[in-house]
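Single-letter residue listing:
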Amino acid sequence: MHRFIYTPLAFLTLSILSITNASATVSIDTQRKQFLQAESLLKKNKLPDYQKLRSQLDSYPLAPYLDYQQTLLNLNESESKQVSAFIDKYSDLPIANRLNRTWLNHLNNQKQWKLYAQHFAAYPVSNTHYECQQQFALFNGTKKQKRSALYKARELWLVGNSQPKACDPLFKAWMATGRPTSSEAHDRFWLSIAQNNIKLARYLDKKITNKKQTANSSAFWSLYNKPETFTPQKLDKIPEAHRVATAKLIFKRWYRSQPITAVNAWVKHRDQLMPISDQLTVTEYMGVRLNRNYHSRAIELSTLLDPDYKVNAIIESRIRNALAQQNWKAVREGVKHLNEEQKVDPKWQYWDLIAERHLAPHQNHKQQIELLSKDRSFYGFLAAELNNSPFELNAKIDTLNNEALAQLKQQPAVTRARELFKLGRLTEANREWNLALASMNEEETNLAGYIAKSWGWHLQAIINAAKTKRWDHIELRFPHPHANLFKTYASKNDLDLSFPVAIARQESAFLYNAQSRVGARGLMQLMPKTAKQTAKKHKVPYKRTSQLYDPETNITLGSAYLGDMLKRFNNNPAYASAAYNAGPHRVKKWLKQRGHLPLDIWIETIPFKETRKYVQNVLAFRVIYDRLEGREASLLTEKQVKLLALNQNKKTAL
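Remember, it's a predicted structure, so these values are computed and weren't measured experimentally.

Calculation notes
Residues numbered from 1 in each chain as written. Predicted model: local features only at pLDDT ≥ 70, side-chain atom pairs only at ≥ 80, totals over all residues. Heavy atoms only, no water. Helix = DSSP H or I, 4+ residues; strand = E, 2+ residues; numbered from the N terminus. Buried < 20%, exposed > 50% of the residue type's maximum accessible area, 1.4 Å probe, protein only. Lys, Arg positive; Asp, Glu negative; His and termini not counted. Charge placed at Lys NZ, Arg CZ, Asp CG, Glu CD. Disulfide = S-S within 2.5 Å. Core = buried A, V, L, I, M, F, W, Y, C linked by side-chain atoms within 4.5 Å. Contact = heavy atoms within 4.5 Å. Salt bridge = Lys/Arg side-chain N within 4 Å of Asp/Glu carboxyl O. Phe/Tyr/Trp six-rings, centres within 6.5 Å; stacked < 30°, edge-to-face > 60°. Axes fitted to C-alpha atoms, helices over the stretch in contact; angles between N-to-C directions. Parallel < 35°, antiparallel > 145°, perpendicular 65-115°, else oblique. Nonpolar A, V, L, I, M, F, W, Y, C, P; charged D, E, K, R; others polar. Polar contact = N/O pair within 3.5 Å; in protein donor to acceptor, adjacent residues only side chain to side chain. Left-handed = near helix turned anticlockwise from the far one by under 90°.

(A) Main features of the overall build of the chain. Broken down by element type, the chain carries 40 helices and zero strands. By principal-axis analysis of the C-alpha atoms, the chain measures approximately 90 × 75 × 50 Å. When the 654 residues of the chain are sorted by exposure, 52% land in the buried category. The centroid of the 96 positive side-chain charges in the chain is displaced by 9 Å from the centroid of its 58 negative side-chain charges.

Quick look at the structure:
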């Protein structure tokens, strides 16, 4: 089979073989189709037809991506100077870095050590994977290079974390020289302890042979395996340089099995074990967990851990624990000790107000609650519900510089990002978008959000508003794509029209092909198993996971599942939102533990920070979308408002 050889001359001159007059009359939509056709021809190895079409696409923003794909296709026939020519030509594009890494891996796999070393020297990659490959390439070079590589191998090996597999050949060669020594293994052992890498520490312990060093590691394992046997005298057997790291690790481990004993021992010994600056991580670790898990002695032990209210994370957890006990005096005491930034947070202003209302029910708090009700947040909306005030959006609208906007749209990285987004290639689109943002000034960065919005790339528009702290620019932050689909399936599942929209805004920011770390997919981030079960229950045609990237299928199933959660949890949107995020089994457990609490306290005391914020956002987003759509808005039903902490006691009701 004839295969086109991508010669340096062909590569360097390809981009200037354009039919300029013809391409100028071709629409961007046509060029996009031609690009996809050219890709197909390239994959099928129909090179003459590909070259003919490629010559018509020089003005198309993604033309370099065709050159990149052709270079990859001919990687075995390529030479370093061809790859170098590509990298030099497209040095400002993300694909140059990708080709560089691909080429280095190729040279490594082909054991072309000399070429690897030369190319890496010219185009270095700041990454341990490639650095290890470079040193192994040098190891296979001259005697001088070999000595240098072995020296560098020690440096790469002597870290507290596990290194990439690409380092294994280099380390194997280094170990063949009798390494590591006991001292080197001992040093790395303590580095791994400092990073809490116990698995690596166990591996290294086997390589420690010096009796004194073995005694050191044995002293550590004695404490680690039985932290409850801790005494300062036992810690003295640990090398002085590693006592602080060991103590931190031991006390955290001890806490997990015996929290009360561990806390008391920590408070007793911490000042003699380490400086106050080093104590914070353990103190915070214990205090936050005690309160987050609503331990029966959490308040008492928190007072021991942080008697002067200096650790903000513990203070917040103490306030939530006090809320769970409806100990309003403790709530106010906690809020009083927050730092100044936290004190102005609507969340803590709300709880301080509610606590004060309970403690002094006959005082007039009307002005305070009216002021808080003007805030566009979950807590502001709660205050508005209690005060029977309108929900304030406080929206701002940008006056756009259309000339600057038009110029920005023509920036090469912006046009490439647009085309990649239109083609659904989001990883590459994100790379180009971030590249474009990196070179923008403040005005251009602000305009960029509106460019992303005009493409339908709502996630980037929302991110842009957040990064530029334009919280009041509602137009950017709360788009409403697929409005008819959301309306149709909300009605079908007896949902408020804004409810599934708010879920999609929180879950994916309307990115139709979003996928989470755990495998949730699409606009409403459904897990495949949940989608399958919901489809079966509601008789929705559904055969494969890829259908979750189709907006209508995703909204159909997501709305149906949300409707199921709402019915399951007594038509309470807070419980339903929590179940959508954390799973109905967890919500059932939380309701069993704290379902007797006022609704706002129950939300505030959700153990998972992510779910707590999720519920608050979804409820607030419902209000915002109702307002934007011109509908009558409510955060909660009249029945649910009666479940709030302020209304649980007739003496405190406004």
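(B) How the structure looks around the state of the cysteines. Going through the model one piece at a time under the given rule, you end up with one disulfide. Linked covalently through their sulfurs, cysteine 132 and cysteine 167 form a disulfide whose S-S length is 2.0 Å. One quick way to see it: the torsion about the S-S bond of cysteine 132 and cysteine 167 is about 80 degrees, and its sign makes the bridge right-handed. Note that cysteine 132 is positioned in helix α9 (residues 128-139) and cysteine 167 in the loop between α10 (143-157) and α11 (168-175), a separation of 35 residues in sequence. You can call cysteine 132 buried: its relative accessible area is 0%.

(C) A look at helix α6 (residues 80-89). The buried fraction of α6 amounts to seven of the 10 residues, a majority that puts the element mostly inside the structure. Residues of α6 that are buried include every one of Ser80, Gln82, Val83, Ser84, Ala85, Phe86 and Ile87, and no others.

(D) Looking closely at the nonpolar core. Judged by nonpolar contacts, the single largest core of 110 residues is most densely connected at Phe189, Phe220, Phe251, Met286, Trp433 and Trp457. In this view, tryptophan 433 contacts Ala417, Ala448, Ile451, Ala452, Trp455, Trp457 and Gln460; residues no more than four positions away in its chain are not counted. Counting residues in hydrophobic clusters, the runner-up holds 85 residues, among them Ile319, Leu323, Trp348 and Trp602.

(E) Just the pattern of salt bridges, in detail. Scanning the entire structure with this criterion turns up 25 salt bridges. For arginine 425, the salt bridge is made with glutamate 39, and the minimal N-O distance between the two is 2.6 Å. Of this pair, arginine 425 sits in the loop between α27 (412-422) and α28 (426-438) while glutamate 39 sits in helix α3 (residues 28-43), and the two are 386 residues apart along the sequence. The partner of aspartate 564 in a salt bridge is lysine 537, and the shortest N-O contact between them spans 3.5 Å. Highlighted residues: aspartate 564 in helix α35 (residues 551-568) and lysine 537 in helix α34 (residues 528-538), separated in sequence by 27 residues. Judged by relative accessible area, which is 56%, lysine 537 ranks as exposed. The network of salt bridges with shared partners includes Asp29, Arg32, Arg418 and Glu419.

(F) Quick look at the packing of aromatic side chains. A complete count under the given rule lists 32 aromatic pairs for this structure. Ring geometry for tyrosine 116 versus phenylalanine 120: centroids 6.2 Å apart, planes at 10 degrees, classification stacked. With tyrosine 116 and phenylalanine 120 both in helix α8 (residues 113-122) and four residues apart, the pair spans about one turn of that helix. Side by side, tyrosine 116 and phenylalanine 120 carry an identical accessibility label, which is buried. The rings of Phe189, Trp190, Phe220, Trp221 and Tyr224 are connected pair by pair, giving a single aromatic cluster.

(G) Here's a closer look at the environment of lysine 111. With respect to the helices, strands and loops of the structure, lysine 111 is situated in the loop between α7 (94-109) and α8. Taking C-alpha positions, lysine 111 is 9.9 Å from phenylalanine 136, a pair spaced 25 residues apart along the chain.

(H) Examining α8 more closely. Listed as buried for α8 are Trp113, Tyr116, Ala117, His119 and Phe120. Of the surrounding elements, those touching the buried residues of α8 are α6, α7 and α9.

(I) Up close: the environment of glycine 380. The topology assignment puts glycine 380 in helix α25 (residues 378-387). For glycine 380, a relative accessible area of 0% gives the class buried. Distance from glycine 380 to arginine 594, taken between C-alpha atoms, is 24 Å for residues 214 residues apart in sequence.

(J) Quick look at unusual backbone geometry. Here the residue pair arginine 179 and proline 180 is connected by a cis peptide bond, since its omega of 0 degrees sits within 30 degrees of zero. By secondary structure assignment, the location of proline 180 is in the loop between α11 and α12 (182-194). With a phi angle near 60 degrees, asparagine 196 is a residue other than glycine that sits in the positive phi range. With a phi close to 50 degrees, tyrosine 309 is a non-glycine residue in the positive phi region. Tracing the backbone shows tyrosine 309 in the loop between α19 (298-305) and α20 (312-324).

(K) Broad picture of the packing of helix α14 (residues 211-225) against helix α16 (residues 243-257). For the pair α14 and α16, interaxial distance at closest approach is 9 Å and the crossing angle is 25 degrees. Relative to α16, the element α14 is oriented roughly parallel. In this structure, α14 contributes Phe220, Leu223 and Tyr224 to the contact, and α16 contributes Thr246, Leu249, Ile250 and Arg253. Partitioning the contact of α14 with α16 into residue classes produces five nonpolar, one polar and one charged.

(L) Seen up close, the side chain of serine 317. Positionally, serine 317 belongs in helix α20. The buried category is assigned to serine 317, whose relative accessible area is 7%. Within the structure, serine 317 has its side chain in polar contact with the side chain of asparagine 291 (distance 3.3 Å). Each residue touching serine 317, except ones within four places of it in the same chain, is listed here: Gly287, Val288 and Asn291.

(M) Summary view of the environment of isoleucine 28. Note on placement: isoleucine 28 falls in helix α3. Spatially, the C-alpha atom of isoleucine 28 lies 54 Å from that of leucine 150, the residues being 122 residues apart in sequence. Apart from residues lying up to four places away in sequence, isoleucine 28 is in contact with Tyr60, Pro61, Arg418 and Glu419.

(N) Structural context of the side chain of serine 559. By secondary structure assignment, the location of serine 559 is in helix α35. Take serine 559: its relative accessible area is 0%, and that puts it in the buried class.

(O) Main features of the packing of α25 against helix α39 (residues 609-628). Look at α25 against α39: their axes get within 9 Å of each other, and the N-to-C directions meet at 60 degrees. Between α25 and α39, the angle is such that the two are oblique. When the axes of α25 and α39 are compared, the crossing they make is left-handed. Residues Phe378, Tyr379 and Phe381 of α25 lie in contact with α39, whose contacting residues are Gln616, Leu619, Ala620, Val623 and Ile624. Residue composition of the contact of α25 with α39, grouped by class: seven nonpolar, one polar and no charged.

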